[in-house]
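So you can see what is in the structure, the chains are spelled out below.
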Amino acid sequence: MTLDGLLAAVAVHSTEAAQDERTVLMPVRVTDVLRRDRAYYFEVERKRRLPDDGARLVQQLVDLGWTASEPQTETDTYYSRPDVDYMQTVECLRVRRRGSFAEVTYKPPSTAATHSTDSVISKPETNVHLATASQAAQADQLLQAIGMRPLVRVEENRTPYSHALHPGVTVAIDKVAGAGAFVETEAISVDAEAAAEAVEQTEKDLQVTDLPTVDLPYRDLVLQSAQGV
């Protein structure tokens, strides 16, 4: 049986066995649990602009049991093709640095299917994790060697929050140099619809649904700010 099937069976049989506390359902063989590797997942996210530095939202998160991770400073270098403007197609190709971590990420162009009318973004994401942070410079060199052109560098201070009852969901307070402060609610799942529902419910719980949504990525906001738009 699959893991989902196993969990469903646990729920059913646990209810039936509620009068007998000695009954526990467990898989008998290793083959009772089937693992299926997936090549990609869906990242569903929505950003909203904060009217302040996020102090009030931090208190709301703490009151609801969300736990802050260590603040992270990320530096993203974004690229585009010489023959295709990723600003127009809303594609993402970036090299990310964060402490000892580095990765190369690609997200495909935006379409009506990836951007819903309520500002929820759902795209398959491909990530290549680098062995060391120092390899980010080599990744930059490689991308430029094959003709990719640098667009902009984005410096972001992010404090992510997680909750034990909401696995796969992250609420982050972002302070982006040259762009301002934002709250980003993100859910990661192999099921895009389930992830979107998680984002909706989390925002309602945090009472941020009245804040203005931001459809543009930080890359675009920083570029606009630099251009005085």
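Residues numbered from 1 in each chain as written. Predicted model: local features only at pLDDT ≥ 70, side-chain atom pairs only at ≥ 80, totals over all residues. Heavy atoms only, no water.

Quick notes on the nonpolar core
Counting 18 residues, the largest nonpolar core has Leu50, Leu57, Leu61, Trp66, Val171 and Leu206 as the members making the most contacts within it. Setting aside residues no more than four positions away along its own chain, tryptophan 66 makes contact with Leu61, Tyr161, Ser162, His163, His166, Val169, Val171, Thr202 and Leu206. If you look at the next biggest cluster of nonpolar residues, it comprises 13 residues, including Cys92, Val152, Ala179 and Val214. (Core = buried A, V, L, I, M, F, W, Y, C linked by side-chain atoms within 4.5 Å. Buried < 20%, exposed > 50% of the residue type's maximum accessible area, 1.4 Å probe, protein only. Contact = heavy atoms within 4.5 Å.)

Considering the environment of glutamate 186
With respect to the element layout, glutamate 186 can be found in strand S10 (residues 180-189). Taking the C-alpha atoms as reference points, glutamate 186 and glutamate 43, 143 residues apart in sequence, are found 6.9 Å from one another. Glutamate 186 has contacts with Glu43, Val44, Glu45, Gly168, Val169, Thr170 and Val199, leaving out every residue within four places of it along the chain. (Helix = DSSP H or I, 4+ residues; strand = E, 2+ residues; numbered from the N terminus.)

A closer look at the pairing of strand S8 (residues 149-162)
Here strand S2 (residues 67-68) pairs with S8 via two bridges, running antiparallel. Note on S8: the bridge partner recorded for threonine 67 is serine 162. Relative to S8, strand S3 (residues 72-80) runs antiparallel, the two sharing nine bridges. By the bridge assignment for S8, tyrosine 79 is matched with proline 150. One ladder, built from six bridges, connects S8 with strand S9 (residues 169-176); its direction is antiparallel. Note on S9: the bridge partner recorded for threonine 159 is isoleucine 173. Where S8 folds back on S9, the antiparallel hairpin that results is connected by six residues, among which glycine 168 adopts a positive phi of roughly 85°. (Pairing = 2+ DSSP bridges.)

Let's talk about helix H6 (residues 218-226)
Among all positions of H6, only Tyr218, Arg219, Asp220, Leu221, Val222 and Leu223 are buried. Just past H6, the residue glycine 228 takes up positive phi, approximately 75°.

A look at the pairing of S10
With respect to burial, S10 is a largely interior element, seven of its ten residues being buried. As paired elements, strand S1 (residues 42-49) and S10 share eight bridges and run antiparallel to each other. If you follow glutamate 43 over to S10, its bridge partner there is isoleucine 188. Pairing of S9 with S10 involves eight bridges; the strand directions are antiparallel. Residue pairing in the sheet places alanine 172 in a bridge with glutamate 184 of S10. Count of turn residues in the S9/S10 antiparallel hairpin: three residues, of which glycine 178 carries a positive phi of about 85°.

What to know about unusual backbone geometry
Phi at valine 90 is positive, roughly 55°, even though this residue is not glycine. The topology assignment puts valine 90 in the loop between helix H3 (86-89) and strand S4 (92-98). Notably, glutamine 207 is not glycine yet its phi reads approximately 55°, a positive angle. Within the fold, glutamine 207 resides in the loop between helix H5 (192-206) and strand S11 (213-214).

Some details on the confidence of the model for the chain
Here the chain averages 84 in pLDDT, and 80% of its residues register 70 or above. Between residues 1-25, whose pLDDT stays under 50, and residues either more than four places distant or in other chains, the model counts 14 contacts. Long-range and interchain partners of residues 34-39, a stretch whose pLDDT sits below 50, account for five contacts in this model, where long-range means more than four residues apart. (pLDDT = per-residue confidence, 0-100.)

A word on the pattern of salt bridges
What the rule picks out here adds up to 16 salt bridges. The salt bridge involving glutamate 200 is made with arginine 46; its shortest N-O contact spans 3.4 Å. Taken as a pair, glutamate 200 in helix H5 and arginine 46 in strand S1 lie far apart in primary sequence, 154 residues in all. Residue classification places glutamate 200 among the partly exposed positions, given a relative accessible area of 27%. A relative accessible area of 3% means that arginine 46 is categorised as buried. Note that arginine 98 and glutamate 74 form a salt bridge whose closest N and O atoms lie 2.6 Å from each other. Linking arginine 98 in strand S4 with glutamate 74 in strand S3, this pair joins segments that are 24 residues apart in sequence. Take glutamate 74: its relative accessible area is 2%, and that puts it in the buried class. (Salt bridge = Lys/Arg side-chain N within 4 Å of Asp/Glu carboxyl O.)

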